[in-house]
Amino acid sequence: MNPYRDDFPILNEQINGKNLVYLDNAATTQKPVSVLQAVDEYYHTFNANPRRGLYQLSVRATEAYENARHAVKEFIGAQEDGEVIFTRNATEALNLIAYSYGLPFLQEGDEIALPVSEHHSNLVPWQMVARAKGVKLNFLYPDEFGCITDAEIESKITSKTKIVAFAHVSNVLGTVNPVEKIVQKAHRVGAVTVLDCAQSIPHYSINVKSLDVDFIAFSGHKMLAPMGIGVLYGKRELLGKMPPFLMGGEMIEYVYEQNSIFAPSPQKFEAGTQNVGGAIGLDRAIRYLNQVGYETIGKIESELTAYALKGLGEIPHVAVYGNASNTQERCGVISFNLKEVHPHDVSSILDLDGIAIRAGHHCAQPLMKYLGVSATCRISLSFYNTKEDIDIFLTSLKKVRGWLGYED
Ligand code: ALA
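The model shown is predicted, which means the values in this text are computed figures rather than measured ones.

Here's the deal with a nonpolar patch on the surface
1) Next: A cluster of nonpolar side chains, contributed by Leu352, Trp403, Leu404 and Tyr406, occupies part of the molecular surface with about 400 Å² of accessible area.
2) Next: In this structure, Trp403 sits in helix α13 (residues 387-403).
3) Next: Residue Trp403 is classed as exposed on the basis of its relative accessible area, which comes to 57%.

So this is what it looks like as structure tokens:
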């Protein structure tokens, strides 16, 4: 039995009279009791607006918020706390880079290189920069396994490239992109790198120094923390020269009638009241992940991924996208289709058995077009899933075509 399941009370819920089988962890993860309790304790006992009050409660809230920043700094191996900016989510972090780095520092004729497999959150903000500045988006296309090849890296990242924005792990195919090779090439041509870690940070230990990335973005809610808290990491020298993204309270040194002097990072990028409860939840989620350990997480998830891929491979009429044969490093995010059945129907029918999967374009429409489909079904695994979860899912999936009247 998986020893972590008891930490996640939601896994005992019943859906349609069946035990919940939660296989949509790439959309959001469930939360352990320790995270729920930490957030609860904050709101029950020391909720106050941080940085503003000169009284006990506000001081405690400020301390907890800044401790959370320090915990993130340690977790990702940043150089200093000021390189960690709290945002609402990865999307907001990526928008911050687009508005505060892309708009001021890119010029007409420059290029932004990015894989066609990017989530819309790491594509649409760059389209905005491209339109505003006359910049070209240069796409890297994956091979049949969903991987970015050396040839693509060499030919698409050029002396014109000023930003290379890419996901560490694809939210559709589970592919792990070759971060080191991409970062090396980007830096050789003088481009900055933006790594979307939203899908990788729940599964891999991330060290910004050894990866040598310039920016990373991730969301708390995909790594056991609450929704509404995310992180932007940026190298100190880059953050230092970037203008603020949002203007308002607490991001200033001094405000005159006609202009303002901005505070240094991270305050410069954190206008308005911040999500202290979310930051505390993230701090606790980091502690939980560290307790389980990435080695254990990797071991459980690789076994489950191999098991699920094998099971899917044995079901007639199932087509798995990307690295179906499990021959290359990958995460437990698996996209597939069932012949002649729309993914929404698959998802709705599985829901009758209490099984939660995602169906649709997964906010990656250019990739869907590249794959020649409009939508896929997707399961995504976490270390708290079990082989039993996968067995229940496979058994239910086998029934779908029959349920719709197909004879085989
Ligand atoms: N980005 C999340 C997903 O891929 C919502 O499901």
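Brief notes about the pairing of strand β7 (residues 161-167)
1) Next: The buried count for β7 comes to 6 of 7 residues, which makes it a mostly enclosed element.
2) Next: As paired elements, β7 and strand β8 (residues 192-196) share 5 bridges and run parallel to each other. Paired with Ile163 across the two strands is Val192, which belongs to β8.
3) Next: In terms of handedness, the path from β7 via helix α6 (residues 179-188) over to β8 forms a crossover that is right-handed.

A closer look at the nonpolar core
1) Next: Among the nonpolar cores identified, the biggest contains 59 residues, and Ile76, Ile216 and Phe383 are the most heavily contacted of them.
2) Next: Two domains each donate at least three residues to this core, and these are domain 1 (5-23 + 293-399) and domain 2 (35-289).
3) Next: Every residue in contact with Ile216, bar those within four places of it in the chain, is listed here: Ile76, Leu195, Cys197, Ile206, Val208, Val231, Leu232 and Tyr233.
4) Next: Membership of the second largest hydrophobic core comes to 32 residues, among which are Ala90, Ile112, Val129 and Ala165.

The rules behind these values
- Residues numbered from 1 in each chain as written.
- Predicted model: local features only at pLDDT ≥ 70, side-chain atom pairs only at ≥ 80, totals over all residues.
- Heavy atoms only, no water.
- Patch = residues over 30% accessible without salt bridge, like charges linked within 9 Å, V, L, I, M, F, W, Y side chains within 5 Å.
- Areas by Shrake-Rupley, 256 points an atom, 1.4 Å probe, with all protein chains shown as cover.
- Salt bridge = Lys/Arg side-chain N within 4 Å of Asp/Glu carboxyl O.
- Helix = DSSP H or I, 4+ residues; strand = E, 2+ residues; numbered from the N terminus.
- Buried < 20%, exposed > 50% of the residue type's maximum accessible area, 1.4 Å probe, protein only.
- Pairing = 2+ DSSP bridges.
- Right-handed = clockwise from strand over helix to strand, strands pointing away.
- Core = buried A, V, L, I, M, F, W, Y, C linked by side-chain atoms within 4.5 Å.
- Domains from an automatic or database assignment.
- Contact = heavy atoms within 4.5 Å.

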